[in-house]
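One-letter residues, chain by chain:
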Amino acid sequence: MRIANLTGRLVLVADELALDVETASGGRFGPDPATVFGAWDEFSAWARSVDVATRPDAVAFAATELGAPSPRPRQVIGIGLNYADHAAESGLPLPEEPVVFTKFPSSVAGPDVDVRLPGGTVDWEAELVVVIGRGGRDIPEDEALDRIAGFTVGQDLSERTVQWQATPAQFSMGKSFENFAPIGPAIVTLDEFADPAALRISATIVGPDRGETRVQDGSTDQLIFGVADLVSRLSRTLELLPGDLVFTGTPPGVGAGREPKRFLDAGETLITRIEGIGAIVQRFYA
Ligand code: ZN
């Protein structure tokens, strides 16, 4: 099952078609994409019975009409250094516990947005994002995948100067500018993947001249702390709430890890893809 936010309304998606959930469910589920996670088990049981492709009321849509599939998460959690190969390029040892920070929720954006560059050292981090369904506290690892709604694509955009400008570092400030947490295009349930623990993930920069440079190309099978482990560990400290986002970390290839360092410029476009989910796009301006 794939769900999305089409012009502010919750939809089921199949191929190029979207089905309005409130209408198709006869009002059983409301139109607000933010509230569906609070009734996730009931919603997903209904949604699995619906075949979008054969519905006469399904409509074609453009990717540019999509908003953030979880538009108002109460918590947005980021995990640092969660790929063995990215920890190596950062010159840092492998963490023994997850490195956790927050992206403040006002940084959340849809899958196709313009982003103002607040400084000259804005960097990309392609990430698999977990969207919490039922959530809870003290979730055992073997129940964790039942407490999530699914996966989406995210960019953990980071202004590196702000991130590192104090001691201790200011991760949450450097990563929370407007539109610095774009997600989408849809939330995909785990049953849609042949192997949800091994998804190809990439980031590509498109220059003003349309030239493309693939800057990240990895697999989520390199996660040090996997999704179920992360959900379980986080829930020992905080209550994971329906619709919350967990940015699970980035594979190697970020700009700050390059020699020479390389950051995003005005006029460039960033495309982030995850196999089986889709792509998100940001255009940068000064
Ligand atoms: Zn990150």
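Notes on the structure in this doc start here. If you're wondering where the values come from, they're calculated on a predicted model, not measured in any experiment.

1. Observations concerning the coordination of the zinc ion
Piece 1. Listed as protein donors to the zinc ion are Glu 125 (OE), Glu 127 (OE) and Asp 156 (OD); their distances from the metal cover 1.9 to 2.1 Å.
Piece 2. Mapped onto the sequence, the residues coordinating the zinc ion show the spacing E-x1-E-x28-D. Residue Glu 125 is found in the loop between strand S10 (122-123) and strand S11 (126-132), and its partner Asp 156 is found in the loop between strand S12 (148-155) and strand S13 (158-159); the two are separated by 31 residues along the sequence.
Piece 3. Note on Glu 125: relative accessible area 6%, which makes it buried.

2. Considerations on helix H2 (residues 40-47)
Piece 1. Turning to H2, its buried residues number three or more, namely Trp 40, Phe 43, Ser 44, Trp 46 and Ala 47. Looking straight down H2, one finds that the buried residues subtend no more than 160 degrees of arc, so they occupy a single side.

3. Considerations on unusual backbone geometry
Piece 1. Here the residue pair Thr 167 and Pro 168 is connected by a cis peptide bond, since its omega of -5 degrees sits within 30 degrees of zero.
Piece 2. With respect to the helices and strands, the residue Pro 168 is situated in the loop between helix H4 (160-163) and helix H5 (171-174).
Piece 3. Of the consecutive residues Gly 184 and Pro 185, the connecting peptide bond is found in the cis state with omega at -5 degrees.
Piece 4. For Pro 185, the position within the fold is in strand S14 (residues 181-188).
Piece 5. The residue Asp 15 is not glycine, and still its phi comes out positive at about 50 degrees.
Piece 6. With respect to the helices and strands, Asp 15 occurs in the loop between strand S2 (9-14) and strand S3 (17-20).
Piece 7. For Asn 179, which is not a glycine, the phi torsion comes out positive at approximately 65 degrees.
Piece 8. Mapping Asn 179 onto the fold places it in the loop between H5 and S14.

4. Structural notes on the packing of aromatic side chains
Piece 1. Applying the stated criterion across every chain, the model contains nine aromatic pairs.
Piece 2. Between Phe 151 and Phe 193 the ring centres are 5.8 Å apart and the planes differ by 40 degrees, which places this aromatic pair in the tilted class. Taken as a pair, Phe 151 in strand S12 and Phe 193 in the loop between S14 and strand S15 (200-206) lie far apart in primary sequence, 42 residues in all.
Piece 3. Under the relative-accessibility criterion, Phe 151 is labelled buried at 1%.
Piece 4. Here the aromatic rings of Trp 164 and Phe 171 are separated by 5.1 Å at their centres, their planes lie at 80 degrees, and the arrangement is edge-to-face.
Piece 5. When its relative accessible area of 21% is taken as the criterion, Phe 171 is described as partly exposed.
Piece 6. Site record: aromatic cluster; members linked through ring pairs are Phe 29, Phe 37, Trp 40, Phe 43 and Trp 46.

Reading the values: the criteria
Residues numbered from 1 in each chain as written. Predicted model: local features only at pLDDT ≥ 70, side-chain atom pairs only at ≥ 80, totals over all residues. Heavy atoms only, no water. Donors = N, O, S within 2.8 Å, 3.2 Å for Na, K, Ca; no water. Helix = DSSP H or I, 4+ residues; strand = E, 2+ residues; numbered from the N terminus. Buried < 20%, exposed > 50% of the residue type's maximum accessible area, 1.4 Å probe, protein only. Arc of directions from axis to C-beta. Phe/Tyr/Trp six-rings, centres within 6.5 Å; stacked < 30°, edge-to-face > 60°.

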